[in-house]
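As a plain string of letters, each chain reads:
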Amino acid sequence: MLKMVHKITHVTVRDVRFPTSLEQHGSDAMHTDPDYSTAYVVVHTDSGLQGFGFTFTLGKGTEIVVCAVRALAGLVVGKSLQEIVSDFRGFYRLLSSDGQMRWLGPEKGVIHLATAAVLNAVWDLWARAEGKPLWKLLVDMDPKQIVSCVDFRYITDALTEEEALDILVKAQEEDQMLKEGYPAYTTSCAWIGYSDEQLKQLCTDALKSGWTKFKVKVGADLEDDTRRCRLIRQMIGPDKTLMIDANQRWDVSEAIGWVSSLAEFKPLWIEEPTCPDDILGHAAISKALAPLGIGVATGEQCQNRVMFKQFLQASALQFVQIDSCRLGSVNENLAVLLMAHKFKVPVCPHAGGVGLCELVQHLILFDYICVSGSLSNRMCEYVDHLHEHFTSPVVIHDAHYMPPKDPGYSCEMLESSVKKHQYPEGDVWKQHKNN
Ligand SMILES: C[C@H](O)[C@@H](O)[C@@H](O)[C@H](O)C(=O)O
Ligand SMILES: [Mg+2]
């Protein structure tokens, strides 16, 4: 029970962009000039406690999400944290099912990204009010309360509340996580816009720092992909893990052909081979690539729990990539973690963006401690960009995420960074315009 009510007095949102495209950080076959950005939300309360949250976007798209957050803010102001968490499922529905705004989604696209930003801030507020990091708030929670945060509408044919309760065991392996952390892989050596020289240097450095699992961007040009995959496989040797990511570049048959040509490099998975909405297409690709020992991974642009349900029902993916900012915050991610467990598919969260590593580490720690209890075929993505702008940046030790200790959901950014990168008035953008 919360000691104070924490009534929400107002919500602020800012457009914060980092010019990552200048150096091709984050580039892939479809997003060739990504400026990693956030619609950055602060929920203010009468007690003075604040909750910080955001959703991840790219450059120009941010201003649209900012508008959507402003539209949702009216549903939040005046509510108290106590009221919200005593019926979090109801509050999730209030935001996702507003009679007028749901027309924009429902539960997908810009309005859902905005919902994620607002709810992430509310979860941050809750964890701060309890004085715990978010993963620990979840781990300590009664399973009944966890389940009461999830909206089961549209997924009861795959997972009922009773089944969810049965899955949730009480914290078992917390000590192991505190000691060793959660295993990670890196995407930062091989963005598509990086030169071979850069790739070699970054891979050498990563190997020295203890990384054993690497993701390479593919999909624009088969010759380039073959050369880059060969290079990285030679550098890491036969025993380390390689994954490839096409960011939705291909049609179904093209995907099967292209990935078959890269099979000699033994990728564990092909990520986002085709349109993220094409469940049956992913199923066909999964079936065709299974004999080659290559799985299909997807989720960073999977719209909601209903899509994940169908991907699981259709055996269309072998790795579930939850996203802390694409789905409706912790509430909807809990639904997906529980469904993935029921369907026995490992979860490997997506974190390629600004702040996604900070957030998703909480979810995967909870998954290990209270849901899956397994590390088999599981790892959390890591990218080596922009952590310096957060007040509680991730701690990586020997290629593992070390459990965060500070209260909250690790969403808070340094005020100086926000000011500097706010679009268009921040110094970084004024400078950029003058060049
Ligand atoms: C534009 C972004 O950097 C994406 O390329 C990135 O999220 C990527 O798909 C990933 O898996 O990390
Ligand atoms: Mg990806």
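Cut-offs used in this document
Residues numbered from 1 in each chain as written. Chains lettered and ligands numbered in written order. Predicted model: local features only at pLDDT ≥ 70, side-chain atom pairs only at ≥ 80, totals over all residues. Heavy atoms only, no water. Axes fitted to C-alpha atoms, helices over the stretch in contact; angles between N-to-C directions. Helix = DSSP H or I, 4+ residues; strand = E, 2+ residues; numbered from the N terminus. Left-handed = near helix turned anticlockwise from the far one by under 90°. Contact = heavy atoms within 4.5 Å. Nonpolar A, V, L, I, M, F, W, Y, C, P; charged D, E, K, R; others polar. Phe/Tyr/Trp six-rings, centres within 6.5 Å; stacked < 30°, edge-to-face > 60°. Buried < 20%, exposed > 50% of the residue type's maximum accessible area, 1.4 Å probe, protein only. Salt bridge = Lys/Arg side-chain N within 4 Å of Asp/Glu carboxyl O. Donors = N, O, S within 2.8 Å, 3.2 Å for Na, K, Ca; no water. Polar contact = N/O pair within 3.5 Å; in protein donor to acceptor, adjacent residues only side chain to side chain. Near = heavy atom within 4 Å. Areas by Shrake-Rupley, 256 points an atom, 1.4 Å probe, with all protein chains shown as cover. pLDDT = per-residue confidence, 0-100. Pairing = 2+ DSSP bridges.

S.K.: For this particular structure, what's the right way to read the packing of helix α1 (residues 61–73) against helix α4 (residues 109–129)?
M.R.: A pair of packed helices is characterised by two quantities: the angle between their axes and the separation of those axes. Packing of α1 against α4 brings their axes to within 8 Å, and their N-to-C directions diverge by 65°. The handedness of the crossing between α1 and α4 comes out as right-handed. Here α1 contributes Ile64, Val65, Ala68, Val69 and Leu72 to the contact with α4, which in turn contributes Val110, Ile111, Leu113, Ala114, Thr115, Ala117 and Val118. For the contact of α1 with α4, the per-class residue count stands at 11 nonpolar, one polar and no charged.

S.K.: Would you explain the packing of aromatic side chains in this entry?
M.R.: Two measures describe an aromatic ring pair: the distance that separates the ring centres and the angle between the ring planes. Counted under the stated rule, the structure contains 14 aromatic pairs. Here the aromatic rings of Phe88 and Trp123 are separated by 4.8 Å at their centres, their planes lie at 20°, and the arrangement is stacked. Remark: Trp123 occurs in helix α4 and Phe88 occurs in helix α3 (residues 88–96); sequence separation between them is 35 residues. Across this residue pair, the class does not change: Phe88 and Trp123 are buried. Between the aromatic rings of Tyr423 and Trp429, the centroid separation amounts to 5.4 Å while the plane-to-plane angle is 75°, which identifies the pairing as edge-to-face. In this structure Tyr423 comes out as partly exposed when scored by relative accessible area, which is 28%.

S.K.: How should the pattern of salt bridges be read in this particular structure?
M.R.: Here the idea is simple: oppositely charged side chains can pair when their charged atoms come close. Throughout the structure, instances matching the rule amount to 26 salt bridges. Notably, a salt bridge pairs Lys136 with Asp140, separated by 3.0 Å at the nearest N-O pair. Here Asp140 and Lys136 lie together in helix α5 (residues 134–140), a separation of four residues that amounts to about one turn. Residue classification places Lys136 among the partly exposed residues on the basis of a relative accessible area of 22%. Residue class for Asp140 comes out partly exposed when judged on its relative accessible area of 34%.

S.K.: Looking at this structure, I do not really get the coordination of the magnesium ion (ligand 2). What am I missing?
M.R.: Octahedral metals with six donors have ideal donor angles of 90 or 180 degrees. Tetrahedral metals with four donors have an ideal donor angle of 109.5 degrees. Taken together, Asp245 (OD), Glu271 (OE) and Glu300 (OE) make up the full set of protein donors to the magnesium ion (ligand 2), lying 2.0 to 2.2 Å away. Site description for the magnesium ion (ligand 2): donor spacing in sequence, D-x25-E-x28-E. Remark: Glu300 occurs in the loop between β8 (295–298) and α13 (305–313) and Glu271 occurs in strand β7 (residues 267–271); sequence separation between them is 29 residues. One exposure class covers both Glu271 and Glu300, and it is buried.

S.K.: I tried to follow the side chain of Asn304 on my own but got confused; where do I start?
M.R.: Here Asn304 lies in the loop between β8 and α13. Judged by relative accessible area, which is 7%, Asn304 ranks as buried. Engagement of the side chain of Asn304 in a polar contact is seen with the backbone nitrogen of Met307, the distance being 3.1 Å. What Asn304 contacts, discounting residues up to four positions off in sequence, is Pro106, Glu107, Lys108, His112, Leu327 and Glu332.

S.K.: For this particular structure, what's the right way to read the site of ligand 1?
M.R.: For ligand 1, the set of nearby residues contains 14 residues, the closest of which are Asp28, Tyr36, Glu300, His350 and Glu381. In this structure, Tyr36 approaches ligand 1 through a side-chain N or O atom, which is 2.7 Å from an oxygen atom. With respect to ligand 1, the side chain of His350 contributes an N or O atom lying 2.6 Å from an oxygen atom. About the coverage of ligand 1: the protein hides 98% of its 320 Å² of free accessible area. Class assignment of the residues belonging to the shell around ligand 1 gives a composition of two nonpolar, five polar and seven charged.

S.K.: When you look at the confidence of the model for the protein in this model, what are you seeing that I'm missing?
M.R.: Of all residues in the protein, 99% attain a pLDDT of 70 or more, and the chain-wide mean is 97. In the model output, the complex is listed with pTM 0.97 alongside ipTM 0.99.

S.K.: Hey, could you run me through the sheet that holds strand β2 (residues 36–45) in this one?
M.R.: Read from one edge to the other, the open sheet built from three strands follows the order β1-β2-β3, with strand pairing classed as antiparallel. Lying at the two open borders of the sheet, with one neighbouring strand each, are β1 (8–17) and β3 (50–58). Sheet twist, expressed as the mean angle between neighbouring strand axes with direction ignored, is 15°. For β2 and β3, the ladder comprises nine bridges, and the chain directions are antiparallel. Residue pairing across strands places His44 opposite Gln50, the latter belonging to β3. Relative to β3, α4 is tilted by about 150°, and along the sheet it contacts β2 and β3.

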